[in-house]
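The primary structure of each chain is shown beneath.
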Amino acid sequence: MARYHNFSPGPSILPEAVLLQAKEELLDWRGRGVSVMEISHRSEDFLGIAREAEADFRQLLNLNDDYAVLFLQGGASLQFSAVALNLSQPADRADYACTGAWSAKAIQEASRLLTVNKAVNTAPNHTSIPPLAEWQLDPKAAYLHYTSNETIHGVEFDWIPQTQAPLVVDMSSNILSQPLDVSRFGVIYAGAQKNLGPAGLTVVVVRKDLLGRARQDIPRLLNWEVMAASGSMDNTPPTFNWYLAGLVFKWIQAEGGLTAMAERNRRKSQKVYQCIDDSGFYISPVDVYCRSKMNIPFVLANPELESVFLKQARLENLLYLKGHRAVGGIRASLYNALPEASVDVLVAFMRHFEATRG
Ligand SMILES: *Cc1c(COP(=O)(O)O)cnc(C)c1O
């Protein structure tokens, strides 16, 4: 069996130990003679799996009872609408930070439902994060929304905005990558397919005092209060994804938790940025202070070599390094599950490619 070096931006690499355990348990989960996929979400067995996954997620983030954790469907993109529908009325205004392609999409959806104030906007390049003092915040905003890591542009906050309004964050591509002070947030949401598990599951953490503000006419399944009251089981949840995310949480715990993840992620990304900064051959467009530890976009000084770079990388089993079509170039995604050894192979390849082609 060969596991290649997987730099996919999402859906992305899962820990090998998780895949092996899922394989081991696939046909017969704990001697029940059936798989997790084939049992009722209301069964004692599945309720146990669900509760344990939530408990482990809470342990990792140090979550207290002030917060509800929801296991939903629809991706982070459906939460772009759910945020506005649960926290505002049509006549309300909300602050949004526009720092990249994903926050721009969140703004596009929210604009259909309320008045958006772009408190800060780094378009079109999205290579910086201006300090909060330069943001134009609306004192009447129903909430402030930002994207903690821009998966496409490779821009990551290393600070948390401090505001009057409840703080809402799309943490899809850096959740569980480092310790987090959850008490600063009203709502945290994340599609699973970057750091939590396979696509098809969306995790929402919501401070309970924010439940009950939803608009009256919204679909039940978009209403966080309904989903919190039903344990995310108002309808059938994505059971297998929930189970797999639970295995990922256990893996993170076994690896030393979020402190260990943060240390490893810092080391992994540092190796790639060092390689870029040592060269005049690779160029990172992002301001140094807000470079992402999860997604590293870069270009070659000679863009004509990019397709050769990708082709040769592929021959070394370095996969999915092509940059997003919106920005081009190369992008290396280094999520929690990517082994440091894969980063070492990438960096050795980059140095060799530069030496022979630069
Ligand atoms: C991938 C991603 C999304 C979109 O997630 P879907 O599950 O496809 O809806 C939203 N925001 C960020 C930051 C992402 O990385």
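Note that the structure is a prediction, hence the values are computed from the model and not measured.

J.: Even after reading the chapter, I still don't get the domain arrangement of the protein, so can you show me in this structure?
T.: In many reports, interface size means the accessible area that the parts give up when they come together. When cut into domains, the protein gives domain 1 (16–254) and domain 2 (257–357). Contact residues are listed per partner, giving 25 residues for domain 1 and 24 residues for domain 2. Between domain 1 and domain 2, roughly 2,100 Å² of surface is buried when both sides are summed, and carbon and sulfur atoms account for 57% of that area. The tally of links from domain 1 across to domain 2 stands at one salt bridge. Lys-293 is the salt-bridge partner of Glu-156, the closest N and O atoms lying 3.9 Å from each other. Linking domain 1 with domain 2 are 13 residue pairs in polar contact (both at pLDDT 80 or more). Of all the secondary structure elements, the ones that give two or more residues to the side of domain 1 that touches domain 2 are α2 (44–61), β7 (155–156) and α6 (239–254). With three residues, the top contributor of residues to the side of domain 1 that touches domain 2 is α6. Here the residues of the side of domain 1 that touches domain 2 are counted per class, giving ten nonpolar, twelve polar and three charged.

J.: Teacher, can you tell me more about the layout of surface pockets here?
T.: Over the atoms rolls a probe the size of a water molecule, and in doing so it shows where empty space is left. Roughly 260 Å³ of volume is contained in the largest pocket. Together, 18 residues line the largest pocket, and Arg-3, Ile-13, Leu-14, Glu-16 and Pro-339 are the ones closest to its centre. Counting only elements with at least two residues in the lining of the largest pocket, the list comes to β1 (5–6) and α1 (16–25). When residues of the lining of the largest pocket are assigned to domains, at least three fall in each of domain 1 (16–254) and domain 2 (257–357).

J.: How do you make sense of the pattern of salt bridges when you look at a structure like this?
T.: Side chains bearing opposite charge may pair, as long as their charged atoms lie close to each other. The final tally for this structure, using the stated rule, is 18 salt bridges. Close ionic contact of Glu-44 with Arg-51 constitutes a salt bridge, the shortest N to O distance being 3.6 Å. An identical accessibility class is assigned to Glu-44 and Arg-51; each is exposed. Connected through salt bridges with shared partners, the residues Glu-263, Arg-266, Arg-267, Lys-271, Glu-340 and Asp-344 form a single ionic network.

J.: Honestly, the sheet that holds strand β8 (residues 167–170) in this entry has me stumped. Any pointers?
T.: Remark on secondary structure: sheet strands pair via backbone hydrogen bonds, oriented parallel or antiparallel. The mixed open sheet is built from seven strands, whose spatial order is β2-β10-β9-β8-β5-β3-β4. Single-partner strands in this sheet number two, and they are β2 (67–72) and β4 (115–121). Strand after strand, the sheet turns through a mean of 20° between neighbouring axes, direction not considered. Those strands touched by α2 are β2 and β10 (202–207), and its axis lies near 130° from that of β2. Sheet strands in contact with helix α3 (residues 75–87) are β2, β3 (93–98), β8, β9 (187–191) and β10, and its direction is about 155° off that of β9.

J.: Can you walk me through the side chain of Ser-279 in this structure?
T.: As for its placement among the helices and strands, Ser-279 is situated in the loop between α7 (257–278) and β11 (282–283). Looking at Ser-279, its side chain comes within polar contact range of the main-chain oxygen of Ile-276, at 3.0 Å. Among the polar contacts listed, one links the side chain of Ser-279 to the backbone nitrogen of Phe-281, at a separation of 3.2 Å.

J.: Hey, could you run me through the state of the cysteines in this one?
T.: Simply put, the disulfide is a covalent bond whose two ends are the sulfur atoms of two cysteines. If you walk through the whole model with that rule in mind, you get zero disulfides. Between Cys-290, a free cysteine, and Cys-98, which holds the nearest cysteine sulfur, the sulfur-to-sulfur gap is 14 Å.

J.: Please clarify how the packing of aromatic side chains should be interpreted in this entry.
T.: Ring pairs (aromatic) are described by centroid distance and by the angle formed between their planes. Applying the stated criterion to the full structure yields 18 aromatic pairs. Here the aromatic rings of Tyr-282 and Phe-298 are separated by 5.6 Å at their centres, their planes lie at 85°, and the arrangement is edge-to-face. In this pair, Tyr-282 sits in strand β11 while Phe-298 sits in strand β12 (residues 295–300), placing the two residues 16 residues apart along the sequence. Taken as a pair, Tyr-282 and Phe-298 share a single burial class, namely buried. Their ring planes at 65° and their centres at 5.2 Å tell us that Phe-309 and Phe-349 sit as a pair that is edge-to-face. On the criterion of sequence distance, the pair formed by Phe-309 in helix α8 (residues 306–315) and Phe-349 in helix α9 (residues 340–357) is long-range, its members being 40 residues apart. As far as burial versus exposure is concerned, Phe-309 and Phe-349 are alike and both buried. Ring pairs connect the aromatic residues Phe-281, Tyr-282, Phe-298, Phe-309, Phe-349 and Phe-353, which therefore count as one cluster.

Scoring rules and cut-offs
- Residues numbered from 1 in each chain as written.
- Predicted model: local features only at pLDDT ≥ 70, side-chain atom pairs only at ≥ 80, totals over all residues.
- Heavy atoms only, no water.
- Domains from an automatic or database assignment.
- Contact = heavy atoms within 4.5 Å.
- Buried area = accessible area lost by both parts, 1.4 Å probe.
- Salt bridge = Lys/Arg side-chain N within 4 Å of Asp/Glu carboxyl O.
- Polar contact = N/O pair within 3.5 Å; in protein donor to acceptor, adjacent residues only side chain to side chain.
- Helix = DSSP H or I, 4+ residues; strand = E, 2+ residues; numbered from the N terminus.
- Nonpolar A, V, L, I, M, F, W, Y, C, P; charged D, E, K, R; others polar.
- 1 Å grid on protein atoms, 1.4 Å probe; cavity = no way out; pocket = protein on both sides within 12 Å on 5 of 7 lines; lining within 4 Å.
- Points joined across faces, edges and corners; volume = space filled by probe spheres on them.
- Buried < 20%, exposed > 50% of the residue type's maximum accessible area, 1.4 Å probe, protein only.
- Pairing = 2+ DSSP bridges.
- Axes fitted to C-alpha atoms, helices over the stretch in contact; angles between N-to-C directions.
- Disulfide = S-S within 2.5 Å.
- Phe/Tyr/Trp six-rings, centres within 6.5 Å; stacked < 30°, edge-to-face > 60°.

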